Structures are given as structure tokens and as C-alpha cells.
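Breakdown of the fold
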Amino acid sequence: MHYNSNNKDTYTYFTVNEEKPLLEFLLENIKNESRSKIKLTLKGQGIKVDNKVITQFDYPLKPGMKVAVSKTKQNRYTFKSRYVKLVYEDRYLLVIEKNTGILSMAAGHSSLNVKKVLDDYFHKSRQKCTAHVVHRLDRDTSGLMIYAKDIETEQILEHNWHDIVYDRRYIAVVSGEMEEDEGTVANWLKDNKAYITYSSPIDNGGKYAITHFHTLKRTTEHSLVEFRLETGRKNQIRVHTADMGHPVCGDIKYGNGDDPLHRLCLHAYVLCFYHPITKQRMEFETVIPVNFRSLFK
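Residues numbered from 1 in each chain as written. Predicted model: local features only at pLDDT ≥ 70, side-chain atom pairs only at ≥ 80, totals over all residues. Heavy atoms only, no water.

A short note on the packing of helix 1 (residues 22-29) against helix 2 (residues 35-43)
Running from N to C, helix 1 and helix 2 point in directions that differ by 125 degrees, and their axes come no closer than 10 Å. Relative to helix 2, the element helix 1 lies oblique. In the crossing of helix 1 with helix 2, the sense of the turn from one axis to the other is right-handed. For the pair formed by helix 1 and helix 2, the contact residues are Leu22, Leu23, Leu26 and Leu27 on the first element and Arg35, Ile38, Lys39 and Leu42 on the second. (Axes fitted to C-alpha atoms, helices over the stretch in contact; angles between N-to-C directions. Helix = DSSP H or I, 4+ residues; strand = E, 2+ residues; numbered from the N terminus. Parallel < 35°, antiparallel > 145°, perpendicular 65-115°, else oblique. Left-handed = near helix turned anticlockwise from the far one by under 90°. Contact = heavy atoms within 4.5 Å.)

Structure below.
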């Protein structure tokens, strides 16, 4: 399955065999959904007939027509957050796109975190589950993340992360003009007492980290670079770009003060994995943030 979050919905398709009103047809064909839930899907513009969005219940169907039911709109109606976008959901997991300025999970007193937003959504949509954190993105990094809906799925993802996730890419605006078109940075990363991650070319008791980079665009001031993680260590891209002399723009911890967009210019834009339960290939891609591209007009 390939999901592209520009066209944010995946659909189930049905072909009409006999004349009947739309709502009646949906009730017969959508299994395990209540009448009120189906009405909400209709109201939420989650139903298309011959590729046109239809919201009226008694719309007359004729044989041969194609009815498309959005898989995401069925729950989407309750989900509203300026920090989190729901990209995909099934009974085991969610894929979300997070904004900058929100933590992946609770830390200390900070109440704004993705887990809380998702738990709130589960509560409102009457799902008896909670969001389980599988991996993290820094507060000011935006992009795609997976959350599990139960402890079994979380455990499978956590213990087999490197076998399950087969492609994870970030896009970043870095300071200065990149000399190389592509390459790899690899060294050991370790935190000091002040939680600053620093790197070492020799084993310093930290964790080995490998980052592959590919320069997409450059000006004399900035470069747009794609990073593919072979290991996902804390602050890995931020430290590795600083090591290269081209830190991520807007990085107050590891940067050089270059902050053209007033944000950390790091976005997790590709996430591909084998579904932990169904083993299906799941591929998600978001657009490169518009303001990143605006620097390279």
C-alpha cells in the first residue's frame, strides 16, 4: 500500500448492482459500522460516487456506479488539532504528522504532547485504547511518526524496529553551501551531564550512529539536504550536520545562529515500514515544507 499525505485518504471501492438510495447501500456494504457512524462519514465528505463527493443520504444509485468509502474519514471527524495531523489509522496503530513545538510524549510539567492529543482523540471517538510511544521526534522537528494502540503492537515495533522500518528519511535546511552531493557520516554519539549529545570518531562508550545524506538544492547561504538514517540515535542528524560544518538551520543547541525560518529546519518526511501485525508494506510520504522550498526559489 502506498499512502501519500497530499491526497490524504485511502478508499474502499464498491460497484452498485441495483438501484437504491446511497445510505441503504452503505448500510448493506460497510460491515461493523453503525448507522450513525456511516451518517457521520457521509456528512464528513468521506463518500464518493463516481469520483464526486456526495453527502445526501437518499442520493439515487444506479447499477454500474462506483462508490468509494474513505477509510480515514470514518474516524476523522472528531480529530482536530493544530499540532497533529492524522495520516493513517487502523486497529493496531496510527501514523501522524506532527507540527513543530509539540513533544512526542509527556516530559516534566509540559502538558502539550502528541500522546495526550491522541489519548484525548481515542476518548472522544470512544476507542478503548491509549497511544503507545514507539519512537520520538524532538519537540521542534516536524514530520511522520508511528504510535501503537496496544502494548503488543508497541512491543513488536520496539523490539524489531530495525527490521520493520525499512526507510526513514528527513529533509533539512542546513547552513552554508554543501560541498558534496552525497555521502555518509558515521561516529559514536554520547550525552554529557548537561544532555548535550557530542560525537567521537572512536568508541566513547556511546552509540554508533550512521547517517547518509544527499544534497537536493543549494545556494551560497543554505542547502536543502535529504538524510536517510541507518541508526536512529538521539539528536543524530543535528549533531552530524554540525560535525560537517553545516548545522541544521534554527538549531539553538547545535547550530551556528543561522535561523532563516524561525524554526528548527528538520522534517521527517518519509516513513516506510512492514505492518507489525499484517506484515503489509506501509509507505508514507509528506510534502517538503513549503517554507523550506521557498529558500531555494
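Read on for the rest.
Notes on the sheet that holds strand 5 (residues 52-53)
Pairing within the open sheet is antiparallel, and its four strands lie in the order 2-7-4-5. Of all the strands in the sheet, the pair left with one neighbour each is strand 2 (11-15) and strand 5. Bridge count between strand 4 (residues 47-49) and strand 7 (residues 66-70): three bridges; the pairing is antiparallel. Within strand 7, the position partnered with valine 49 by the bridge is valine 67. Together, strand 2, strand 4 and strand 7 form the strand contacts of helix 1, whose direction differs from that of strand 7 by roughly 65 degrees. (Pairing = 2+ DSSP bridges.)

Here's the deal with unusual backbone geometry
Positive phi, normally seen in glycine, also occurs at aspartate 50, with a value near 45 degrees. Summarising the element assignment, aspartate 50 is placed in the loop between strand 4 and strand 5. Assessed through its relative accessible area of 43%, aspartate 50 is described here as partly exposed. Unlike most non-glycine residues, histidine 262 shows phi in positive territory, near 55 degrees. With respect to the helices and strands, the residue histidine 262 is situated in the loop between helix 7 (236-243) and strand 17 (266-274). Given a relative accessible area of 68%, histidine 262 falls into the exposed group. (Buried < 20%, exposed > 50% of the residue type's maximum accessible area, 1.4 Å probe, protein only.)

Re the pattern of salt bridges
Throughout the structure, instances matching the rule amount to 14 salt bridges. Taking the shortest distance from any N to any O, the salt bridge between arginine 139 and aspartate 140 comes out at 3.4 Å. On the accessibility criterion, aspartate 140 (25% relative accessible area) is partly exposed. Taking the shortest distance from any N to any O, the salt bridge between aspartate 251 and arginine 238 comes out at 2.8 Å. Taken together, the residues span a long stretch of sequence, with aspartate 251 in the loop between helix 7 and strand 17 and arginine 238 in helix 7 at a distance of 13 residues. In this pair, the class of aspartate 251 matches that of arginine 238, namely buried. Members of the salt-bridge network, linked through shared partners, are Glu18, Lys20 and Glu28. (Salt bridge = Lys/Arg side-chain N within 4 Å of Asp/Glu carboxyl O.)

Thoughts on the packing of aromatic side chains
This structure, assessed with the given rule, holds seven aromatic pairs. Each member of the aromatic cluster is reached from another via a ring pair, and the members are Tyr88, Phe273 and Phe284. (Phe/Tyr/Trp six-rings, centres within 6.5 Å; stacked < 30°, edge-to-face > 60°.)

Describing the environment of phenylalanine 296
Locating phenylalanine 296 in the fold gives a position in the segment after helix 8 (290-294). Taking relative accessible area as the criterion, phenylalanine 296 reaches 11% and is therefore assigned buried. With 74 residues separating them along the chain, phenylalanine 296 and histidine 222 place their C-alpha atoms 8.3 Å apart. Those residues within four positions of phenylalanine 296 in sequence are excluded, and the remaining contacts are Val173, Lys217, Arg218, Thr219, His222, Ser223 and Leu224.

Some details on the pairing of strand 11 (residues 142-148)
Of all seven residues that make up strand 11, seven are buried, and the element is covered over most of its length. Across six bridges, the pairing between strand 9 (residues 93-98) and strand 11 is antiparallel. Across the sheet, the residue bridging to leucine 93 is alanine 148, located in strand 11. For strand 10 (residues 132-133) and strand 11, the ladder comprises two bridges, and the chain directions are antiparallel. Residue pairing in the sheet places histidine 132 in a bridge with alanine 148 of strand 11. Pairing analysis gives two bridges linking strand 11 to strand 17, with the strands arranged parallel. Residue pairing across strands places glycine 143 opposite alanine 268, the latter belonging to strand 17.

A word on the side chain of threonine 197
Topologically, threonine 197 is positioned in strand 14 (residues 197-200). When its relative accessible area of 4% is taken as the criterion, threonine 197 is described as buried. Engagement of the side chain of threonine 197 in a polar contact is seen with the side chain of aspartate 191, the distance being 2.6 Å. Once residues lying within four places of it in the same chain are set aside, the contact partners of threonine 197 are Leu189, Lys190, Asp191, Lys234, Asn235, Val239 and Tyr254. (Polar contact = N/O pair within 3.5 Å; in protein donor to acceptor, adjacent residues only side chain to side chain.)

Examining the confidence of the model for the chain
When the pLDDT values of the chain are averaged, the result is 90; 94% of them are 70 or greater. Least confident of the elements in the chain is strand 1 (residues 2-4), whose mean pLDDT is 52; most confident is strand 11, at 97. (pLDDT = per-residue confidence, 0-100.)

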